[in-house]
Amino acid sequence: MCTLEKRGNLFLLTLTGDNEHRFNPDTIATILSLLGQAKSQSQRGSVLITTGHGKFFSNGFDLAWAQSSGSLTGAAERLHQMVESFKPVVAALLDLPMPTIAALNGHAAAAGLMLALSHDYIFMRKDRGVLYMSEVDIGLSMPDYFAAMVRSKIGTSAARREVLLSGKKIRGEEAVALGIVDSAAHASAEGVVEATVGLAEKLAAKKWKGDVYASIRKSLYPELCGILGLEATIFATPKL
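What comes next concerns the included structure. Model, not experiment: these values are computed from the prediction.

What follows is about the sheet that holds strand β7 (residues 121-125). With respect to topology, 6 strands assemble into an open sheet ordered β1-β2-β3-β5-β7-β10, the strand pairing being mixed. A strand with exactly one partner marks an edge of an open sheet, and here the two such strands are β1 (2-7) and β10 (183-186). Sheet twist, expressed as the average angle between the axes of neighbouring strands with direction ignored, equals 20°. Examined bridge by bridge, strand β2 (residues 10-15) and strand β3 (residues 47-52) share 6 bridges and lie parallel to one another. Looking at β3, one finds that leucine 12 is bridged to isoleucine 49. Running at roughly 155° to β7, helix α9 (residues 189-204) makes contact with β2, β3, β5 (100-103), β7 and β10 of the sheet.

Given below as structure tokens:
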């Protein structure tokens, strides 16, 4: 399902298995638990990298699980359950007291793209993988915190239109040009992870205070943090 590995100051959260890494209640609970472990073990210089195995980083919520309820009402209730239970995962990443990097091994769609955007940095492959918000194509409304995430993390109205209103599958180089991801320069999942490890080691060397880092991060996204119920901690100004 997913694992957390500690390599010195680096935490590597991996969505395991050669599948679509769909989010259902069990998957979501496991990710949230592992983020809690990383937070409890954090120290100055900690950095989190999130990646996956196989063709998909994540293809979003487990719609098959929702539909297996046997009724339209049951499916809607299960979808709502996943939307609400995923919200604390986004909040946990924004509140994590360390820099965070998403290393996209493959496709990131819907809630999978939201997981990626919850990180401070995003690296993609140049040869494989797309970013795709499927809601307009499959007829699902946008959760409030999804929309706030896009407004907070994607800088231009043209880029937001491409992501949310076109149903377009955006490849790496275009995602960099639109300002959605930071890099799409590597031709393998291993190369992407190696590149993120290089960045992580540079960030770790800064030895920043994690609580201050998290507070500054949250202050950048007041609308999103308000919806998630997060507040930035106000620190006293140090005396010179």
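Here helix α6 (residues 144-153) lies mainly inside the structure; 7 of its 10 residues are buried. Every buried residue of α6 is listed here: Tyr145, Phe146, Ala147, Ala148, Met149, Val150 and Lys153. Residues of α6 that are buried in the fold lie against α3 (72-95), α4 (111-117), α5 (135-138), α7 (157-164) and α11 (222-228).

Scoring rules and cut-offs
- Residues numbered from 1 in each chain as written.
- Predicted model: local features only at pLDDT ≥ 70, side-chain atom pairs only at ≥ 80, totals over all residues.
- Heavy atoms only, no water.
- Pairing = 2+ DSSP bridges.
- Helix = DSSP H or I, 4+ residues; strand = E, 2+ residues; numbered from the N terminus.
- Axes fitted to C-alpha atoms, helices over the stretch in contact; angles between N-to-C directions.
- Contact = heavy atoms within 4.5 Å.
- Buried < 20%, exposed > 50% of the residue type's maximum accessible area, 1.4 Å probe, protein only.

Geometric values such as these leave the question of function open.
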